[in-house]
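Results of the structural survey
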Amino acid sequence: MDDKQTTISKSIQTHIDTKATQTLLGICSGLMADATLNNKEISYLQTWLAENKNVTNTWPGSAIASRINEIMADGIITENERSDLVSMLSEISGNYFHETGSATIESPTLPIDDDPSIFFKNMTFCFTGEFMYGTRANCERVVLRLGGMPIDNVTKKLDYLVIGSRISPMWANTTYGRKIEKAVTHRESGTELAIISEQQWFQAIADAARG
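Criteria and cut-off values
Residues numbered from 1 in each chain as written. Predicted model: local features only at pLDDT ≥ 70, side-chain atom pairs only at ≥ 80, totals over all residues. Heavy atoms only, no water. Helix = DSSP H or I, 4+ residues; strand = E, 2+ residues; numbered from the N terminus. Buried < 20%, exposed > 50% of the residue type's maximum accessible area, 1.4 Å probe, protein only. Contact = heavy atoms within 4.5 Å. Areas by Shrake-Rupley, 256 points an atom, 1.4 Å probe, with all protein chains shown as cover. Phe/Tyr/Trp six-rings, centres within 6.5 Å; stacked < 30°, edge-to-face > 60°. Core = buried A, V, L, I, M, F, W, Y, C linked by side-chain atoms within 4.5 Å. Pairing = 2+ DSSP bridges. Axes fitted to C-alpha atoms, helices over the stretch in contact; angles between N-to-C directions.

**Some details on the overall build of the protein chain**
Looking only at helices and strands, the protein chain features eight helices and four strands. Reading the helices (α) and strands (β) of the protein chain from amino to carboxyl end gives α-α-α-α-α-β-α-β-β-α-β-α. Each of the 211 residues in the protein chain was classed as buried or not, and the buried ones make up 43%. Long-range pairs, those at least 24 residues apart, make up 75% of the contacts in the protein chain with a sequence separation of at least 6. Working note: accessible area of the protein chain is about 11,500 Å², and carbon and sulfur atoms make up 51% of it.

So, in structure tokens, the structure goes:
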């Protein structure tokens with residue numbers, strides 16, 4: 001396949017993936033119309049994602065699929081899991097998450113790197129904020145599985161600060177806002193610390209899984 005054909009093929013695939021993501025967001029929006037989820041609706045969404053695997057290769061489909069598979073792994077949907085999934089889908093479908101990378105429309109501009117190279121093996125990661133992916137412990141387990149090292153504090157030796165998507169509009173005045181400010185200070189002093197979004201982090205996980 002020559003370069004022109006490759007470019008056309010990639011363009012077609014991108015269009016297909018974009019349409020699939022738009023369909024997923026429409027489904028989520030419809031399911032969240034009454035702000036509740038019953039077991040049949042969760043099962044339907046899991047089946048749709050399984051039948052449209054391409055959409056799970058990119059954000060937010062990857063995060064939704066991961067969360068639903070985790071919830072359904074034991075065959076029991078607890079009320080806490082249901083409530084958390086409702087919150088996640090509501091934020092994704094109702095707050096322009098697919099356009100901004102943030103679950104809050106009015107969140108301030110974050111000092112996130114535009115196009116960071118993200119590696120895991122022997123790299124250190126610090127997580128701050130609340131994550132669509134799940135608890136911070138869940139995020140840390142993923143990093144460990146890929147050969148990285150999660151740490152609790154921002155230091156000059158930190159490689160990546162990952163900011164959760166459930167960002168508060170008042171993030172600068174929160175505890176995790178101070179972590180972000182400290183990371184910015186270190187970065188401006190010349191360290192190679194990268195500040196990345198949950199979306200970028202999750203996409204790197206998906207890329208690592210495919211690679």
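Continuing now.
**With respect to the packing of aromatic side chains**
Tallied over the entire structure, the rule returns seven aromatic pairs. Their ring planes at 55° and their centres at 5.3 Å tell us that Tyr 133 and Phe 202 sit as a pair that is tilted. With Tyr 133 in the loop between β1 (124–128) and α6 (136–145) and Phe 202 in helix α8 (residues 198–210), this pair connects stretches of sequence that are 69 residues apart. Accessibility classification places Tyr 133 together with Phe 202 in one group, the buried group. Taken together through their ring pairs, the aromatic side chains of Phe 127, Phe 131, Tyr 133, Trp 201 and Phe 202 make up a single cluster.

**So, the environment of Glu 130**
Note on placement: Glu 130 falls in the loop between β1 and α6. Through-space distance from the C-alpha of Glu 130 to that of Ser 165 is 6.6 Å; in sequence the pair is 35 residues apart. Not counting residues within four places of it along the chain, the set of residues in contact with Glu 130 comprises Gly 164, Ser 165, Arg 166 and Glu 198.

**Re the environment of Gly 129**
Mapped onto the elements, Gly 129 comes out in the loop between β1 and α6. Classification of Gly 129 as buried rests on a relative accessible area of 9%.

**Focus on the nonpolar core**
Among the nonpolar cores identified, the biggest contains 43 residues, and Leu 45, Leu 49, Ile 64, Phe 125 and Trp 201 are the most heavily contacted of them. When residues in this core are grouped by element, the largest group, six residues, is from helix α1 (residues 3–31). Listed in part, the 11 residues of the second largest apolar core include Leu 110, Leu 158, Ala 183 and Ile 195.

**Structural notes on the sheet that holds strand β3 (residues 160–163)**
The strands making up a sheet associate through hydrogen bonds between their backbones, and the pairing can be parallel or antiparallel. Here four strands make up an open sheet; going across it, the order is β2-β1-β3-β4 and the pairing parallel. Of all the strands in the sheet, the pair left with one neighbour each is β2 (149–150) and β4 (194–197). Relative to β2, β1 runs parallel, the two being bridged by two bridges. Bridging from a neighbouring strand, Phe 125 pairs with Pro 150 of β2. The strands touched by α6 within the sheet are β1 and β2, with β1 carrying the most contacts at an inclination of about 165°. Relative to β4, α8 is tilted by about 85°, and along the sheet it contacts β1, β3 and β4.

These results come straight from atomic positions and should not be treated as a statement about function.
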